[in-house]
Amino acid sequence: RKLGYAVVGLGYYATQQIMPQFRNCEFAKLTALVSGTPEKLARYGAEYDIPRTHRYDYQSYDRMSANPDIDIVYVVLPNAMHAEYTVRAAQAGKHVLCEKPMATSSAECRMMIAACREAGKKLMIGYRSRFEPYNRLAIDLARSGHVGPSRVITAQHGFPISPDQWRLDRDMAGGGSLMDIGIYSLNAARYLTGEEPTYISAVESTDRSDPRFREVEDRIDWEMLFPSGVLASCVSSYSSPHNAYRVTGTQGWIDLEPATQYSGQAMRVSKGGTIEPRSPVEPGKNQFVGQLDHLAECVVTEREPIVPGEEGLRDLVAIEAIYRSAREGRRVAVAAV
Ligand code: NAD
């Protein structure tokens, strides 16, 4: 059977990107909705044929424990709410898919991992790029040394943010561009190397007279050193559009731009003096379907997801090191997780 998902938080990402994808899933289906807004429950409940008994608000949330049609709870709320709703889902006996960033601190991540472990439930983080065919090809090419051993990675992520949203509220977002979009640069450098950074050196540059950035950072750029000697140079911005990465090895480079958008990925590979476009031989499922099906398959086959809670924790540990380095103006060692 297909496993049932409850989607929590009916905002942009849940309703416009995730929910329409269930119809293409092999192992997952949408069986319940959670929202604090009755009109959204009525509208999306009708659109997706979700019975009233399977529509919840934040007060009735814990009653999902009694609903056998819900196997997995997908938390798509503002960042500061991820920890509470992940823990409550695990305590209600459900597996959890939680959006990135996993939480607003590494301490919260550890609590979420412990709660899911205690409940005997799986926890996966919504790192959709790991299921995106071009990114998977880039990982294969980089890690197999297609352009020689990797030496340098550049990764840039950003967009000009519009005002008036929770992303600019420090308490809700946990930070600025780094928590939201720069995390893609960080995560890509980690998945392209398959290594964990040892040292981080960061610089923040934010125009605090811009009303959008009263509470959170705009630009934060950093360098990360990996054990094999790869140096990653990363950009995170809330004031300019970036979506690209390049892995340079001893014999060439692999370039993806756009790299982690919802669609439209394009790859070029430079090797032996020629530059050629590349694409996956068998594209397979798109990243959204791949992600939803993966956790369902992991539950059924009792495997660990490729992006478990620990992956989210490692990013948060690195994010804390990036902020600390920028604040203290010095190179910071990253603690092993
Ligand atoms: P959004 O603002 O569109 O949606 C957030 C939802 O949470 C809204 O429906 C809102 O009503 C609800 N909510 C409940 N309590 C709230 C409160 N106290 N304050 C504000 N909103 C509250 O945001 P979004 O873009 O859908 O982002 C939601 C989560 O998904 C974030 O963690 C974000 O990082 C993540 N996200 C991931 C991707 C991705 O590609 N993986 C893309 C977009 C967003």
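The rules we used
- Residues numbered from 1 in each chain as written.
- Predicted model: local features only at pLDDT ≥ 70, side-chain atom pairs only at ≥ 80, totals over all residues.
- Heavy atoms only, no water.
- Helix = DSSP H or I, 4+ residues; strand = E, 2+ residues; numbered from the N terminus.
- Contact = heavy atoms within 4.5 Å.
- Pairing = 2+ DSSP bridges.
- Near = heavy atom within 4 Å.
- Polar contact = N/O pair within 3.5 Å; in protein donor to acceptor, adjacent residues only side chain to side chain.
- Nonpolar A, V, L, I, M, F, W, Y, C, P; charged D, E, K, R; others polar.
- Domains from an automatic or database assignment.
- Disulfide = S-S within 2.5 Å.
- Buried < 20%, exposed > 50% of the residue type's maximum accessible area, 1.4 Å probe, protein only.
- Arc of directions from axis to C-beta.
- Axes fitted to C-alpha atoms, helices over the stretch in contact; angles between N-to-C directions.
- Parallel < 35°, antiparallel > 145°, perpendicular 65-115°, else oblique.
- Left-handed = near helix turned anticlockwise from the far one by under 90°.
- Phe/Tyr/Trp six-rings, centres within 6.5 Å; stacked < 30°, edge-to-face > 60°.
- Lys NZ or Arg CZ within 6 Å of the ring centre and 35° of its normal.
- Core = buried A, V, L, I, M, F, W, Y, C linked by side-chain atoms within 4.5 Å.
- Buried area = accessible area lost by both parts, 1.4 Å probe.
- Salt bridge = Lys/Arg side-chain N within 4 Å of Asp/Glu carboxyl O.

Colleague: Just checking my understanding: could you explain the overall build of the protein for this structure?
Modeller: Helix and strand counts for the protein stand at nine helices and 15 strands. In terms of overall dimensions, the protein has a C-alpha envelope of 60 × 50 × 35 Å along the principal axes. Taking the contacts inside the protein whose residues are at least 6 apart along the sequence as the reference set, 69% of them involve residues at least 24 apart.

Colleague: What is the right way to look at the sheet that holds strand β5 (residues 95-98) in this model?
Modeller: Through backbone hydrogen bonds, the strands of a sheet pair up, either in parallel or in antiparallel fashion. Spatially, six strands are ordered β3-β2-β1-β4-β5-β6 in an open sheet, and the strand pairing comes out parallel. This sheet does not close on itself; its edge strands, each paired only once, are β3 (55-56) and β6 (123-125). Looking at chain direction, strand β4 (residues 72-75) and β5 are connected through four bridges and run parallel. Counted as the bridge partner of I72 is H95 from β5.

Colleague: Explain the site of the ligand here, please?
Modeller: Taken together, 23 residues sit near the ligand, with Y12, N79, R128, W166 and R167 positioned nearest. Backbone polar atom of L10 to an oxygen atom of the ligand: 3.4 Å apart, as the coordinates give it. At the level of elements, α1 (12-18) and α7 (177-193) are the ones that each hand at least two residues to the shell around the ligand. Residue composition of the shell around the ligand, grouped by class: 13 nonpolar, four polar and six charged. Of the domains in this structure, domain 1 (3-126) and domain 2 (129-284 + 316-333) are the two that each give at least three residues to the shell around the ligand.

Colleague: Help me understand the state of the cysteines in this model?
Modeller: Simply put, disulfide is the name for a covalent bond between the sulfur atoms of two cysteines. In total, this model carries zero disulfides according to the counting rule given. Among the cysteines around C25, which has no disulfide bond, C298 carries the closest sulfur, lying 14 Å off. Of the residues examined, C25 reaches a relative accessible area of 5% and is grouped as buried.

Colleague: How should helix α2 (residues 38-47) be read in this particular structure?
Modeller: Think of an α-helix as 3.6 residues a turn; residues three or four steps apart then line up on the same face. Among the residues of α2, L41, Y44 and G45 are the ones counted as buried. Down the axis, α2 shows its buried residues gathered within 110° of arc, on one side only. The exposed residues of α2 that point more than 90 degrees off its buried face are E39, R43 and A46. Contacts made by the buried residues of α2 are with α1, β2 (28-34) and β3.

Colleague: I tried to follow the packing of helix α4 (residues 106-119) against helix α9 (residues 309-328) on my own but got confused; where do I start?
Modeller: The description of two packed helices rests on the angle between their axes and on the distance between the axes. Following both chains from N to C, one finds α4 and α9 inclined at 165°, their axes separated by 9 Å at the closest point. Considering their axes alone, α4 and α9 lie roughly antiparallel with respect to each other. The way α4 lies across α9 gives a crossing that is left-handed. Each of S106, C109, R110, I113 and R117 in α4 lies in contact with α9, whose residues at this interface are G309, E310, G312, L313, L316, V317 and E320.

Colleague: Is there a simple way to think about the packing of aromatic side chains in this case?
Modeller: How two aromatic rings sit relative to each other is given by the distance of their centres and the angle of their planes. If you walk through the whole model with that rule in mind, you get eight aromatic pairs. Directly above the aromatic system of W253 lies the positively charged group of R246, at a separation of 3.6 Å from the ring centroid. Between the NZ or CZ atom of R331 and the centre of the ring of Y199, over which it lies, the distance is 3.7 Å.

Colleague: Just to check I follow, could you spell out the nonpolar core for this structure?
Modeller: Side chains of nonpolar character tend, in soluble globular proteins, to be buried together. Judged by nonpolar contacts, the single largest core of 108 residues is most densely connected at V7 and L192. For this core, the leading source of residues is α7, giving 10 residues. Residues lining this core come from more than one domain, with at least three contributed by each of domain 1 (3-126) and domain 2 (129-284 + 316-333). Residues in contact with L192, not counting those within four places in the same chain, are A138, I139, A142, R143, I153, Y245 and V247.

Colleague: In this structure, what is going on with the side chain of H54? I would like to understand it.
Modeller: On the secondary structure map, H54 appears in the loop between α2 and β3. Here the side chain of H54 touches T53 through a polar contact of 2.8 Å, side chain to side chain. For H54, the residues in contact, after removing those within four places along its chain, are T31, A32, L33, N67 and D69.

Colleague: Could you clarify how one ought to interpret the domain arrangement of the protein in this entry?
Modeller: It is common to give the size of an interface as the accessible area lost on bringing the parts into contact. Split by domain assignment, the protein resolves into domain 1 (3-126) and domain 2 (129-284 + 316-333). Facing 17 residues of domain 1, the contacting portion of domain 2 comprises 14 residues. Each partner contributes to the roughly 1,200 Å² buried at the junction of domain 1 and domain 2, and carbon and sulfur atoms together form 65% of this total. Note that D180 is salt-bridged to K100, the shortest N-O span being 3.5 Å. Counting every contact that joins domain 1 to domain 2 gives four residue pairs in polar contact (both at pLDDT 80 or more). Counting residues per element, the ones that place at least two in the side of domain 1 that touches domain 2 are α1 and α4. When grouped by side-chain class, the residues that make up the side of domain 1 that touches domain 2 number 10 nonpolar, five polar and two charged.

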